[in-house]
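Architecture at a glance
Now for the letters of each chain:
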Amino acid sequence: SMALRRATHAGSWYTDRPDQLDQQLTSWLAAAGPRVGAARAIVSPHAGYQYCGAVAGYAYKQIDPGPISRVILLGPSHHFSLRGCGLSTAAEFQTPLGNLRADQATTAELRATGQFEMVSLNRDEAEHSLEMQLPFLLAAMRPKSPRDFSIVPIMVGAIDPSVEAAYGAVLAPYLNDPATLFVVSSDFCHWGRRFEYTHYDKSAGRIWQSIERLDRQGMEAIETGRPDRFTQYLQQTGNTICGRHPIGVMMCAAARHGSGRFRFLNYAQSSKCNDFSDSSVSYAAGGLFVNA
């Protein structure tokens, strides 16, 4: 099929004006300072760019486009339940800065494992977690053009740790390939009554400081590189990290060949919560660095 996945969130979650979008992405990447290393995988948020663009810049700054010809994206499914992981049926992905093309050979390889379902175009277009990565990816891959690399977006369901490990095993050889980059889409804590999550540790200070402590404990668990440590952290805290399963799959893939270290580089909150009527979403940027 030659289906095009439209940029359904352009004009609302981020600007649909190419010149303006280009300028925003360029400035966020510049503001992130020098690259700390060439990441094999990044963790980046997926909120509206006005909230998380500055944080996402730190993740995307760690990409060295030189060797990369294939990008595998892992993002949560917000609107429908998946038994496992799902592959896109689209051949092209629209962004205001140009279309990205699907890696149909890799999609076919993954489909042949029998472990992936296909996500309908309607469901694909309703989900924002993968789309929000595409304009940033396009900007960070320059001077390469969208014709110089292809993408494999994967939607990750609410799967348990043993299933995360099974998908990690399938994806480990791809993570081990220097021509392949992984992009993991996740926000961190969703705090407030509207998210049904109001964990508060008074010893941390204000509510927003308690949220930051909680999120940093999560980042530390991810930085251990041990999937069981992250799973244990989630079970103990219930932290509402929406991309916890994509993160888990990536950690399981990385753990299989034991190379690389996770490192978080930036963190922010959409607003500072001071009482229980407030709400916020947290954002973190990180990378998996092989020679760190």
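In this report, we go over the structure that sits alongside the text. The model shown is predicted, which means the values in this text are computed figures rather than measured ones. (Residues numbered from 1 in each chain as written. Predicted model: local features only at pLDDT ≥ 70, side-chain atom pairs only at ≥ 80, totals over all residues. Heavy atoms only, no water.)

A separate point is the overall build of the protein. Scanning the protein from terminus to terminus reveals nine helices and twelve strands. A compact globule built from 292 residues should have a C-alpha radius of gyration of about 19 Å, and the protein, at 18 Å, falls within 12% of that. Overall, the protein is about 55 × 45 × 40 Å in size when its C-alpha atoms are taken along their principal axes. Within the protein, the proportion of its 292 residues that are buried is 54%. Considering only contacts in the protein between residues 6 or more positions apart, those separated by 24 or more positions represent 82%. (Helix = DSSP H or I, 4+ residues; strand = E, 2+ residues; numbered from the N terminus. Rg over C-alpha atoms; globule rule 2.2 N^0.38 Å. Buried < 20%, exposed > 50% of the residue type's maximum accessible area, 1.4 Å probe, protein only. Contact = heavy atoms within 4.5 Å.)

Inspection of every chain in the model, using the stated rule, returns nine aromatic pairs. Summarising the aromatic geometry, the rings of phenylalanine 188 and phenylalanine 264 are spaced 5.8 Å apart at their centres and angled 85° between planes, so their arrangement reads as edge-to-face. Here phenylalanine 188 is found in the loop between strand E9 (180-185) and strand E10 (190-191), whereas its partner phenylalanine 264 is found in strand E11 (residues 261-269), with 76 residues between them in sequence. Phenylalanine 188 sits in the buried class, given a relative accessible area of 0%. (Phe/Tyr/Trp six-rings, centres within 6.5 Å; stacked < 30°, edge-to-face > 60°.)

Here we take up helix H1 (residues 18-31). Taking 1.5 Å of rise per residue, the 14 residues of H1 would be expected to cover 20 Å, and the 20 Å separating its terminal C-alpha atoms lies within 8% of that figure. Three or more residues of H1 are buried, namely Leu21, Leu25, Trp28 and Leu29. An end-on view of H1 places all buried positions within 100° of arc, on one side of the element. Residues of H1 that are exposed and point more than 90 degrees away from the buried face comprise Gln23, Ala30 and Ala31. At its buried positions, H1 is contacted by helix H2 (49-60) and helix H5 (134-140). Just downstream of H1 lies glycine 33, where phi reads positive at about 75°. (Expected span 1.5 Å × (residues − 1). Arc of directions from axis to C-beta.)

Assignment of secondary structure puts glutamine 269 in strand E11. Classification of glutamine 269 as buried rests on a relative accessible area of 16%. Within the structure, the side chain of glutamine 269 is placed 3.1 Å from the backbone oxygen of tryptophan 208, a separation counted as a polar contact. A distance of 2.9 Å separates the side chain of glutamine 269 from the side chain of tyrosine 267, its partner in a polar contact. Excluding its chain neighbours within four sequence positions, the residues that come into contact with glutamine 269 are Trp208, Ile211, Glu212, Val281, Ser282 and Tyr283. (Polar contact = N/O pair within 3.5 Å; in protein donor to acceptor, adjacent residues only side chain to side chain.)

Within the sequence span of helix H8 (residues 227-237), burial applies to Phe230, Thr231, Tyr233, Leu234 and Thr237. One side of H8 carries all its buried residues, which in axial view fall inside an arc of 160°. Counted as exposed and oriented over 90 degrees from the buried face of H8: Gln235 and Gln236. Residues of H8 that are buried in the fold lie against helix H6 (161-175), helix H7 (207-223) and helix H9 (244-257). Of the residues one or two after H8, glycine 238 is the one with positive phi, at around 65°.

Bear in mind that shape data such as this cannot, by itself, settle questions of function.
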